[in-house]
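Listed below, chain by chain, are the residues.
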Amino acid sequence: MRVDIVSIFPEYFAPLDLSLIGKARAGGLLNLTVHDLRTWTYDVHRTVDDTPYGGGPGMVMRPEPWGEALDALAPPTPGDRRPPRLLVPTPTGVRFSQALAHELAAEPHLIFACGRYEGIDQRVLDHAATRMPVTEVSLGDYVLFGGEVAVLVIMEAVTRLLPGVLGNAGSLDEESHAHGLLEAPVYTKPPVWRGHEVPAVLRSGDHGRIARWRRDESLRRTAARRPDMIAALSPDSLDKRDVAALGEAGFPVPSADMAK
Ligand code: JD2
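Here the structure is a predicted model, which means the values were calculated and not measured. (Residues numbered from 1 in each chain as written. Predicted model: local features only at pLDDT ≥ 70, side-chain atom pairs only at ≥ 80, totals over all residues. Heavy atoms only, no water.)

1. Looking at the overall build of the protein
Step number 1: Looking only at helices and strands, one finds eight helices and nine strands in the protein.
Step number 2: Against the compact-globule benchmark of 18 Å for 260 residues, the protein has a radius of gyration of 23 Å, which places it well outside the compact range.
Step number 3: Taken over the C-alpha atoms alone, the protein extends approximately 70 × 45 × 45 Å along its principal axes.
Step number 4: A total of 260 residues make up the protein; the buried ones form 39% of that total.
Step number 5: If you take every contact in the protein between residues at least 6 apart in sequence, the share linking residues at least 24 apart comes to 72%.
Step number 6: Carbon together with sulfur atoms contributes 55% to the accessible area of the protein, which is approximately 15,200 Å² in total. (Helix = DSSP H or I, 4+ residues; strand = E, 2+ residues; numbered from the N terminus. Rg over C-alpha atoms; globule rule 2.2 N^0.38 Å. Buried < 20%, exposed > 50% of the residue type's maximum accessible area, 1.4 Å probe, protein only. Contact = heavy atoms within 4.5 Å. Areas by Shrake-Rupley, 256 points an atom, 1.4 Å probe, with all protein chains shown as cover.)

This is the structure we're talking about:
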């Protein structure tokens, strides 16, 4: 997969040299380049911002450097070749999710445009959309200073889905959001640490009881922390023990009598 990131703070992306992302890059699975937006400025001050039309606080990123950057990174696509997909982090975007990470991991070429200030002149995105798919994306309902951290998050989620990045050990089914429930807690040695014991069931060797315990913990956790995820469960994914576990977690299951 090819990835281009455009930002006025290219140094922000130093973490992408490390750990498994760095290894994916070194191994040729991920061809990632970070670009300084100011490469495409020509005034003596290398200006990237200007005052907003209509007034209001702050500054807006001017369109010209972005237009040139996108011309350089996404030249007119010859014939039937797929154009790159442009991702623009913004607090007004669609929510980033594991499902979107899977979509992005299947793309041959991603371009990330990192805004700062009050964001990028909307015409940049409108014009880009005449040439390539554009997705405005948000990490969540809080306000950051710019898009750089969002790109780090998205690249971490996407890279671990690329074929060959994870060994067989950490395969796809492991994802906390794949089953529609949060994962159960995890433990390692020693069996007692500062007076806290590893749950006996996990040391019992009884794989049936272990699976049921993990399922109960998943349900308990999800009910306590993510009631929205419980509400989204299809009733026929719950058996009678699931309904009992949810009941104990103080979560009345609608149509519990439907449970298998
Ligand atoms: C960004 C800003 C608009 C006020 C570029 C914020 C984001 N989940 C998220 N929260 N905030 C962002 C984000 C992303 C890009 C930019 N700002 C600051 N923009 C109004 C402040 C500028 C994501 N993804």
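2. Description of the side chain of threonine 41
Step number 1: For threonine 41, the location among the structural elements is in the loop between strand S2 (31–36) and strand S3 (49–50).
Step number 2: Within polar-contact distance, the side chain of threonine 41 engages the backbone oxygen of arginine 38 at 2.7 Å.
Step number 3: Not counting residues within four places of it along the chain, the set of residues in contact with threonine 41 comprises Arg46, Thr47, Val48 and Pro65. (Polar contact = N/O pair within 3.5 Å; in protein donor to acceptor, adjacent residues only side chain to side chain.)

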